[in-house]
Structure formats: structure tokens, C-alpha cells
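# Remarks on the overall topology
So you can see what is in the structure, the chains are spelled out below.
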Amino acid sequence: MCDCPAIFVQVKANMVTPEDFRQPGDTTLLRLQRFLDAIGNGVNGELNADYIIPSQLVLGRKSNFTLQGNGHRIQLADGAPTGWGGSALYIVKCNDFQVINLICDGNRQKRVATENSAHVIVVDKCHRWKFGNVSAINGTCDGFLIYAGSDGNGTGPKGAVTLADCPSGWILENCTALNNFRQGLSIIEGVDGLIDGGRFGLTNGLWDVGQGPCAGIDLEPDDLPGRPQDRIRNIRLRNILFDGNQGPGLLITRINGVRDIEVTDCIFDGNKKAAIESFGDDVCIVRPKIRRWAHEAYTSRASAPPKRGAIDIGYLAGSTKILDPEFTSTSNGASDLHPCIYVHGGAAAGIVISGIKTDGSASFICGAHAPKIQVSHSVVDLRSSTRSNAFVF
């Protein structure tokens, strides 16, 4: 596990605003794009107003800059097309930069919500960067998406995507993703990343018409075996609120290798399908606080997969530790289907679960089905239990 992502040292820079690029008869989109084209390499930029745009802004091939939003909002216009070009901000091949105090709004209420490339903010092949207090809200697909780009645009032979294209050395600090359609944040590729603080909640919609996952944060590469393995690794998540997501608060997949993931001191409140679903390798979940885990359905769609546990360690999950989890205001009742912790029988042997704490509201604490699971040092209050067996092995 990396200790800290690399952070750039920015040179002293000038400051420009969009108003510096106003021209007679121009549009907001053109003026903002000229502004973004001007920053980098000794020039910083700051917003001085809110803006509504008909299609995406591109910040490309820049380095050593700060984009200061000053709390202003960039919003997609009513009826703006989705699909490619339908993002608010697309950042590509930029290094050593930061974006601070900016709101980007996908305006899903007045556009078509669907699973396509119109993510609110996209980061593509960028290294050593930081978002601080950046919000991606109301997305017609994802709020944030971090990835290495599409085939044909990588640094390998014939444009193949390589590990060098995977965004690296990055930080999301106190960022927010709310009311997005597919995900709050999708990490498709990412190495040596830190997500510290912030809120990733209220993702909703796709499970009612498709295959979700409607997570607050989803660590999920595209299933492309021709690309290098382990394109998501060394990611830390800490002090985050995951709340009210239709799917899991946090989803950690195992597609093409997802490993070395550490989740520390996060709160999971009222997420419907799960608090955490994990299939990755070398995953450590430390002091999660799970609130309001319930047995109600997460979607009315009959063909959707069943929900299992609040912390759900799935089929073929690798080495996993769950340390000091706390469950409060649980209403999972006597059902055999929705324990606080579920471990699939096909998960790795020797998974460690230690220090479970409950407040007396849960009946079914742990369904642990993989071999050689270690459960220890737990203080379990069963005062409201309606089951005779709170633990099933």
C-alpha cells in the first residue's frame, strides 16, 4: 500500500478569468474554452460566475496549474445531448495540477439519463493531480470518471492502453458526488490514489432499468483482457460518507485484477443493496460504521440480483480483512438472507473478521461460508434478536 500519492510543486503563476477572453458576439462555451486553453505552464485560472453550457469543456495537455472555481457552478443546459461530448468538464493528458472549489452539474432532471459517456467530470490519462472540494452532481450517467482512455489513444503500439496511461498519484479531498444515475465515482483505471473525506451518495436510477450498480464509488475496470492486469491498485479511501445509494455504497470488483485497497473510518448510511460489496484482492476494511441496514428491496425490477449482506465479500474475493466494524440501527430481522456480514463460500480461505460491534438492533450478524474464516474479539448485543443463530458458518 502506497503511503501517499505524489503531489506536484506548482511554479509561481499568473491568474486569468473567463472575462479576460470575452469577444463580441461569442458564446459562453467559446469564452470558457478559450479560458481553459490559456491556463497551464505558468498561468492559473479562476471562475468569477456561474455558467450554463450546451456541451463539454476540454482541458487538455496542460501542466502546472490551478483551476479555482470559487464555489461557482458549470451546468449542462436543459436538453443538452448526452453521449460523447455531453460531460461538463473533460480533463485529458494533464499532469501536476489541481482543481479547487468547483461545482459541475449534469442537470439530469432536464436531460436524458442513460448509461453512456456523458459523465459529469472525466479525468483521462492524468498524473499527479488533486481535486479539492469539487462536486459532480445530477449526472445523467456517472458523477466522476477516472480512466486511461479508449483503445487507440494510449501510449502503446497502435495506441494500445498501457499501465503508463493509468491515472496515478491523485487525490480527491472533500469531494462530493450526489444524485447521479449510474455511479457517484467510477474508477476504471487508477493507481496510487487517495480519496479523503467527502460524500458519495444518492446514486439512483440505473438498477430500475439495467444492471446498476448505482454505487457511491465503484472500482471497476472495463473487462478488457487485452489490457494490462492490475489497472486499479494501491487505492485508499478514508473518512467518506456513503449514504442513500440505490446500490452499494462502495463496490470493489475483481475484473482484470483490483488489489491493495484500504477503506478506513468511513460511514455507510442507508445504502440499499449493500454498504460494501468487495471481490478484490488484498482488501482491508477498517472501522466502518454501518447505519440503517435493512431488508427492503433496492429495486422493483424482478430480474435484479438478490441483495445479501451489508458487508458482502463475494465469489472469488481474495485476501480480505474486516476490522472493528460497527452496526447500528439495523433492521435486518430474522431473514437468513441479509446478515450484517456475508462471506461467499467461493471467497478466499482465511478471511479475517475482528472486533464486530452491534447496538442490539441486528438479529443476523454473520453468514461466513468460505473456509477457515477467522472471527474474533467481537462484542455483539443481541437484545432484539429474533433468531437462535446470529452466526452461521
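Structure's up top.
Note that the structure is a prediction, hence the values are computed from the model and not measured.

Taken in spatial order, the 12 strands of this open sheet run β4-β7-β9-β11-β13-β15-β18-β21-β24-β27-β30-β32, and their pairing is parallel. Sheet topology places β4 (57-60) and β32 (391-392) at the edges, where each strand pairs with a single neighbour. The pairing of strand β11 (residues 142-147) with strand β13 (residues 183-187) spans 4 bridges and is classified as parallel. Bridging across to β13, L145 finds its partner in S186. On top of the sheet, helix α1 (residues 28-38) reaches β4 and β7 (89-92); it is set at about 10 degrees to β4, its chief contact.

Below, the discussion takes up the packing of aromatic side chains. Here the structure, examined in full by the defined rule, presents 11 aromatic pairs. Seen from their ring centres, F144 and F200 are 6.5 Å apart, and the 50 degrees between their planes marks the pair as tilted. You can see F144 sitting in strand β11 and its partner F200 sitting in strand β14 (residues 190-201), a full 56 residues away along the chain. Judged on exposure class, the residue F144 and its partner F200 are both buried. When the centroid spacing of 5.4 Å and the interplanar angle of 70 degrees are considered together, the rings of W207 and Y298 count as edge-to-face. Here W207 is found in the loop between β14 and β15 (215-219), whereas its partner Y298 is found in the loop between β23 (289-291) and β24 (311-313), with 91 residues between them in sequence. Residue classification places Y298 among the buried positions, given a relative accessible area of 7%. Here a set of aromatic residues connected by ring pairs shows up, and it is made of F65, F97, W129, F131, F144, W170 and F200.

Throughout the structure, instances matching the rule amount to 25 salt bridges. In this structure, R22 and E19 form a salt bridge, with 2.9 Å as the shortest nitrogen-oxygen distance. The closest approach of N and O atoms between D151 and R227, which form a salt bridge, is 3.0 Å. With a gap of 76 residues between them, D151 in the loop between β11 and β12 (168-178) and R227 in the loop between β15 and β16 (232-238) connect regions that are remote in the sequence. Linked by salt bridges that have partners in common, E19, R22, D26, R31 and R34 make up one network.

This brings us to the pairing of β4. Residues of β4 alternate between two faces, with L57 and L59 buried on one and V58 and G60 left unburied on the opposite face. Looking at chain direction, β4 and β7 are connected through 4 bridges and run parallel. Looking at the pairing, L59 lines up with I91 of β7.

So, how was this worked out
- Residues numbered from 1 in each chain as written.
- Predicted model: local features only at pLDDT ≥ 70, side-chain atom pairs only at ≥ 80, totals over all residues.
- Heavy atoms only, no water.
- Pairing = 2+ DSSP bridges.
- Helix = DSSP H or I, 4+ residues; strand = E, 2+ residues; numbered from the N terminus.
- Contact = heavy atoms within 4.5 Å.
- Axes fitted to C-alpha atoms, helices over the stretch in contact; angles between N-to-C directions.
- Phe/Tyr/Trp six-rings, centres within 6.5 Å; stacked < 30°, edge-to-face > 60°.
- Buried < 20%, exposed > 50% of the residue type's maximum accessible area, 1.4 Å probe, protein only.
- Salt bridge = Lys/Arg side-chain N within 4 Å of Asp/Glu carboxyl O.

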